[in-house]
Amino acid sequence: MIETFRSTQRPRLALVLGSGGVRSVAALGIAGVLEQAGLKPDLVVGCSSGALFGACIAAGMSSDTALESAMKLWSAELTERRRWRSYAQLVMPRLFGFDAGFALRDSSLIAERIQQAFGDQQIEKLPRALRVVTTEAATGNRVVLENGSLTTALLASMALPFFFPSVEVEGRRLTDGVISDPLPVSAANDAHVIVSLGFQGAMPRRINTPGRLAAQATTAMINNLQKAHLRAAQAAGQRLLNIDLEIDRRIGLWDTRAMPRIFEAGQRIAEARLGEIRGLCAPTAVAA
């Protein structure tokens, strides 16, 4: 499927942020280093948690403010609101009305936090261009949101099937962008230069529960999809630098306490690779 983006001026530098749970907060550290070096991204593309933290960058928050907001926007308590009816729906689906809107968790607290952080902000009114990547549940196709309610778009991009409810946008039921494009570099294919931040999911060490068996299969599929999309972008000639952030231990998707350390890791790797990014962004290189 060919997508046309609404930008009338070709972005100079795009920052593309994939799904990675709490690890995606490294993007805030990377963006801060780029700005200090005069390499301010004029387009941010995000998927799932990458969309959430990318919205902080697109909204023009300073690094410190963005990190403070991120710690409120992404925490384990947001996953604790269970939908008790969902357990009955699993056991007796016909009796209790199991349907496409099924979810184990209530996303109202997540919506409340996003609303507190961004208010009624519209995507097209943000200081920087933002593209939020989601998946149309009925078809599996990628859907990139460039306008409309920021809160609604972020809820859709993080609506992991089975766990959080899908979100209806313009008559389409949208779910987590990770399903169709876990590192959406092609959603920035009109940019001169792309800096991307993606994460390979950690495979379960032991398979001793049904959940871990399912996680093994889904993690493998997502990892392979991400690799395939990166290879396709590079083969298409996109000027792309992908940052692989190495973290010294396994960090849970909702481990908010690790955020400051991950933020600093993002700063360090951006500083270490600043020369490469400058080279890609040099006028002669971009013109080529």
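The structure we're discussing is the one just above.
**Some remarks on the pattern of salt bridges**
So, point 1. Taken as a whole and assessed by the stated rule, the structure comprises seven salt bridges.
So, point 2. Here arginine 128 ties to glutamate 35 by a salt bridge, and the two come within 2.2 Å at their closest N and O atoms. Note that arginine 128 is positioned in the loop between helix 6 (108–118) and strand 3 (129–136) and glutamate 35 in helix 1 (residues 26–36), a separation of 93 residues in sequence.
So, point 3. Among the salt bridges present, the one from aspartate 190 reaches arginine 131, with a minimum N-O distance of 2.9 Å. Of this pair, aspartate 190 sits in the loop between strand 6 (172–176) and strand 7 (193–198) while arginine 131 sits in strand 3; the two residues are 59 residues apart in sequence, bridging distant segments of the chain. The pair aspartate 190 / arginine 131 is uniform in exposure class, with both members buried.
So, point 4. Ionic contacts of the salt-bridge type, sharing partners, join the residues Arg131, Glu146 and Asp190 into one network.

**Regarding the pairing of strand 1 (residues 13–17)**
So, point 1. Within strand 1, five of the five residues are buried, which leaves the element mostly enclosed by the surrounding structure.
So, point 2. Relative to strand 7, strand 1 runs parallel, the two being bridged by five bridges. When the bridges of strand 7 are listed, alanine 14 appears paired with isoleucine 194.
So, point 3. When strand 1 meets strand 2 (residues 43–47), the two strands line up parallel, connected through four bridges. Across the sheet, alanine 14 pairs through a bridge with leucine 43, a residue of strand 2.
So, point 4. The β-α-β motif built from strand 1, the intervening helix 1 and the parallel element strand 2 has right-handed crossover chirality.

So, how was this worked out
- Residues numbered from 1 in each chain as written.
- Predicted model: local features only at pLDDT ≥ 70, side-chain atom pairs only at ≥ 80, totals over all residues.
- Heavy atoms only, no water.
- Salt bridge = Lys/Arg side-chain N within 4 Å of Asp/Glu carboxyl O.
- Helix = DSSP H or I, 4+ residues; strand = E, 2+ residues; numbered from the N terminus.
- Buried < 20%, exposed > 50% of the residue type's maximum accessible area, 1.4 Å probe, protein only.
- Pairing = 2+ DSSP bridges.
- Right-handed = clockwise from strand over helix to strand, strands pointing away.

By themselves, these figures tell us nothing about what the structure is for.
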